[in-house]
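The chain contents come next:
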Amino acid sequence: MTDQRIFKATPTANMPSYEAARESFSWQDAQDRLDGLPDGHLNIAHEAIDRHVVAGHGEQTALRWIAKSGARIDMSYQDLQHLTNKFANVLRSHGLQQGDKVYALLGRVPELYIAALGSLKAGCVFCPLFSAFGPEPIAARMTIGGANALITSTRLYKRKVAAIRDSLEALETVFTIDGAVPDTVDLAPLMKDAATTFETAQTGPEDTALLHFTSGTTGKPKGVVHVHQAVVAHDTTGRLALDLRPGDVYWCTADPGWVTGTSYGIIAPLTNRTTMIVDEAEFDVARWYDILQSEKVNVWYTAPTAIRMLMKAGADAIGDRVFPQLRFMASVGEPLNPEAVIWGNETFGKPFHDNWWQTETGGIMIANYATMDVKPGSMGKPLPGITAGIVDVKGDTVTELTAPMAMGELALRPGWPSMMRGYLHEPARYDKCFKGGWYLTGDLAMRDADGYFWFVGRADDLIKSSGHLIGPFEVESALMEHDAVAEVAVIGLPDETAGQIVKAYVALKPGHDPTEDLRLDLMGHARKRLGPAVAPKDIAFRQNLPKTRSGKIMRRLLKAREMGLPEGDISTLESDEK
Ligand code: AMP
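All values derive from a computational prediction rather than experimental measurement.

Just to check I follow, could you spell out the pairing of strand 4 (residues 125-129) for this structure?
Taken residue by residue, a regular strand's side chains alternate between the two faces of the sheet. Judged by how many residues are buried, strand 4 sits mostly within the fold: 5 of 5 residues are covered. Here strand 4 shows no split at all, with Val125, Cys127 and Leu129 on one side and Phe126 and Pro128 on the other all buried. As defined by bridge partners, strand 3 (residues 101-105) adjoins strand 4 across 5 bridges and the pair is classed as parallel. Residue Ala104 lies in a different strand from strand 4, and its bridge partner there is Pro128. Considered for its hand, the β-α-β crossover made up of strand 3, helix 5 (residues 110-121) and strand 4 is right-handed.

Hey, could you run me through unusual backbone geometry in this one?
Leaving glycine out, the prevailing phi sign among residues is negative, and the prevailing peptide bond configuration is trans. With a phi close to 50°, Arg273 is a non-glycine residue in the positive phi region. Residue placement: Arg273 occurs in the loop between helix 10 (259-271) and strand 11 (275-279). Overall, the relative accessible area of 16% leaves Arg273 in the buried class. Even without being a glycine, Lys296 presents a positive backbone phi close to 55°. In this fold, Lys296 is placed in the loop between helix 11 (285-294) and strand 12 (299-302).

Whenever I open this one, helix 17 (residues 555-563) confuses me. Can you help?
Every α-helical turn comprises 3.6 residues, leaving residues that sit three or four positions apart pointing alike. Among the residues making up helix 17, those that are buried are Arg555, Leu557, Leu558 and Ala560. Phi turns positive one or two residues past the end of helix 17, at Gly564, with a value near 70°.

Is there a simple way to think about the pattern of salt bridges in this case?
Any two side chains of opposite charge can pair if their charged atoms end up close together. Throughout the structure, instances matching the rule amount to 32 salt bridges. Close ionic contact of Arg5 with Asp373 constitutes a salt bridge, the shortest N to O distance being 3.2 Å. Here Arg5, found in the segment before helix 1 (18-24), pairs with Asp373, found in the loop between strand 15 (366-367) and strand 16 (381-382); they are 368 residues apart in sequence, far enough to count as distant. Residue classification places Arg5 among the partly exposed positions, given a relative accessible area of 28%.

Whenever I open this one, the domain arrangement of the protein confuses me. Can you help?
Interfaces are frequently sized by the accessible area removed from exposure as the parts join. Domain boundaries in the protein define domain 1 (18-447) and domain 2 (462-563). Inter-centroid distance (C-alpha atoms) of domain 1 to domain 2 is 30 Å. The interface of domain 1 with domain 2 comprises 23 residues on the first partner and 25 residues on the second. Counting the contacts that link domain 1 with domain 2 gives 2 salt bridges. We note a salt bridge from Arg529 to Glu136, for which the minimum N-O separation is 3.2 Å. Our count for the contact surface shared by domain 1 and domain 2 stands at 12 residue pairs in polar contact (both at pLDDT 80 or more). Its residues assigned to classes, the side of domain 1 that touches domain 2 comprises 8 nonpolar, 9 polar and 6 charged.

When you look at the sheet that holds strand 1 (residues 61-66) in this model, what are you seeing that I'm missing?
Across the sheet, 9 strands lie side by side as 2-1-11-10-12-13-14-15-16; this open sheet has mixed pairing. Every other strand in the sheet has two partners, leaving strand 2 (72-76) and strand 16 as the edge strands with one partner each. Sheet topology note: the strand 1/strand 11 ladder contains 4 bridges and is parallel. For Ile66, the partnering residue across the bridge sits in strand 11 and is Asp279. In the packing of helix 10 onto the sheet, the strands contacted are strand 1, strand 10 (249-252), strand 11, strand 12 and strand 13 (328-332), and the crossing angle to strand 10 comes to about 170°. Sheet strands in contact with helix 11 are strand 1, strand 2, strand 10, strand 11 and strand 12, and its direction is about 160° off that of strand 11.

Would you take a moment to explain the site of the ligand for this structure?
If you check the shell around the ligand, you find 17 residues, and the closest are Asp354, Asn355, Thr359, Asp443 and Arg458. At 3.2 Å, a backbone N or O of Gly333 approaches a nitrogen atom of the ligand. The contact in question runs from a nitrogen atom of the ligand to an N or O atom on the backbone of Asn355, over 2.7 Å. Look at the ligand: alone it shows 500 Å² of surface, and the protein chains cover 95% of it. For the shell around the ligand, the secondary-structure elements that each account for two or more residues are strand 14 (352-356) and strand 23 (453-458). Per-element accounting of the shell around the ligand gives the leading share, 3 residues, to strand 14.

What am I meant to see in the side chain of Asn368 here?
Counting through the fold element by element, Asn368 comes out in the loop between strand 15 and strand 16. Of the residues examined, Asn368 reaches a relative accessible area of 2% and is grouped as buried. A polar atom in the side chain of Asn368 sits 2.9 Å from the backbone oxygen of Asp354. Ignoring anything within four residues of it in the chain, the contact list for Asn368 reads Ala241, Phe328, His353, Asp354, Asp373, Val374, Lys375, Ser378, Met379, Gly380 and Tyr452.

Would you mind showing me how to read the packing of aromatic side chains here?
Aromatic ring pairs are reported here in terms of the distance separating the ring centres and the angle at which the planes meet. Tallied over the entire structure, the rule returns 24 aromatic pairs. Between Tyr289 and Phe323, the aromatic rings sit 6.1 Å apart at their centres with planes inclined by 35°, giving tilted as the arrangement. Note that Tyr289 is positioned in helix 11 and Phe323 in the loop between helix 12 (304-313) and strand 13, a separation of 34 residues in sequence. No difference in accessibility class separates Tyr289 from Phe323, as the two residues are buried. In textbook terms, an aromatic cluster arises when at least three aromatic residues are bridged by ring pairs, as seen for Trp251, Phe283, Trp288, Tyr289, Trp300, Phe323, Trp343, Phe348 and Phe352. In this structure, Arg413 packs its charged tip against the face of Trp438, placed 3.8 Å from the ring centre.

The rules behind each value
Residues numbered from 1 in each chain as written. Predicted model: local features only at pLDDT ≥ 70, side-chain atom pairs only at ≥ 80, totals over all residues. Heavy atoms only, no water. Buried < 20%, exposed > 50% of the residue type's maximum accessible area, 1.4 Å probe, protein only. Helix = DSSP H or I, 4+ residues; strand = E, 2+ residues; numbered from the N terminus. Pairing = 2+ DSSP bridges. Right-handed = clockwise from strand over helix to strand, strands pointing away. Salt bridge = Lys/Arg side-chain N within 4 Å of Asp/Glu carboxyl O. Domains from an automatic or database assignment. Contact = heavy atoms within 4.5 Å. Polar contact = N/O pair within 3.5 Å; in protein donor to acceptor, adjacent residues only side chain to side chain. Nonpolar A, V, L, I, M, F, W, Y, C, P; charged D, E, K, R; others polar. Axes fitted to C-alpha atoms, helices over the stretch in contact; angles between N-to-C directions. Near = heavy atom within 4 Å. Areas by Shrake-Rupley, 256 points an atom, 1.4 Å probe, with all protein chains shown as cover. Phe/Tyr/Trp six-rings, centres within 6.5 Å; stacked < 30°, edge-to-face > 60°. Lys NZ or Arg CZ within 6 Å of the ring centre and 35° of its normal.

What follows is the structure in structure tokens.
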């Protein structure tokens, strides 16, 4: 931890004074900045697109798509209005009504953005799936959510969906964006023929808009429910935490398969009337620097893993590129090392602004703001309108810890617009998140005497790898399906670039030998089932796994041993073998 500050002077920022903004902020004022629909209705897509067209900004570029090949397609707010209207009409013509669930399994292609916003216009619930998921996570998420329609590509359909299709009972229609294969509907001709007008569904502020899945330490992935009202927080945080201004060129590098790529890769940039850059390709040092320069990016929102990879490539990789338009850089998803903040300042003349939030919070909760001094390594301060605290939870008693640098669970006072409204079908799991008037985040943190928050770690066993939250249970379940596996435990180990990597410990059934061939076979099995983003990077064999007397595998102990750390309280340890 460091208290070395980077002093800032950005007097023109949207929030010139954090303290004054905290004093005067109200969520009602934030809502009043938006349009709304007649009779108290509210629809995210209206606020993101139609509102700006009505106000005369239809010609402004809303989305600039950069294909893997480097080709560019610009879509104005007017284009986006027409295309999303067309998509909403296609949904209606295939029987999809308000409240039905539309899933997307696509890379970062224009159709994904059109489908997201068109589904919202139609009043459907939109659920993005990460395209690097394997069939198992896809099937789990589509089953829990009861997907009624899916939009995907023929390649992804054949590789990942065709085999599980029969198990997806609610799934009526699969639209494919590049022709059709058996059991799918070719979207392009339908879009061509659909009308460019559509009356946006009269959704209420509390109607479900988005479904995002996040991992739990045990059990199935959790379907996090977000409502149209969330747009108030997306818009506000875009303005206050990311300093977005109308006309800005903005680049969020996150994939919409994860919540950042939706809240800040689709909604906030559009409600704030920016021009958003979408790059189809995966991370590449030279390409990223090219994009920052050639697109004249003003605001860049990225993640620690990417920043660390840029740092590794060294300043030489920048060459003679310059970024005079770059005004604000932010990072989210995992702890941002102080060195990365300082490197940003040395390299770009401005620090990365770390901010913190979760799928459940729907939007940024704690941030380093444009006008606030940055303390490298700190997540910053709570957003105006948000009360954050450090608490100690003992049974049903929650005590706020107010002493500077006291460590406890990071907690938030509930009630902001983008707060999840539930875990789908799991009210008890949802209720457990709230105690003593606080929403408990599951993260450990500290607050210093100046009110800055510092991340300490997760209070549970969840793994953050390259910014993706991975539940050990989902990985363990996939490995357990292998014939040779008797028991398995999955943990996250620190990694310089990815933050953490997934490692699995496997105990074999009698009759199976711990050979290199079997290890490779297990790795292949996991990749096939889970996809490369979730599968373990390493597998080790153990004769037994350490367990508590009640039979719970002690992942914490495996981790301590792997890292050479003290083993802590092992009084509940039952069986064991180091
Ligand atoms: P997700 O729901 O996938 O967005 O993951 C949320 C979790 O990511 C949080 O509970 C934290 O554990 C971690 N996280 C997100 N942002 C940060 C950050 N700025 N610093 C440290 N951890 C973070």
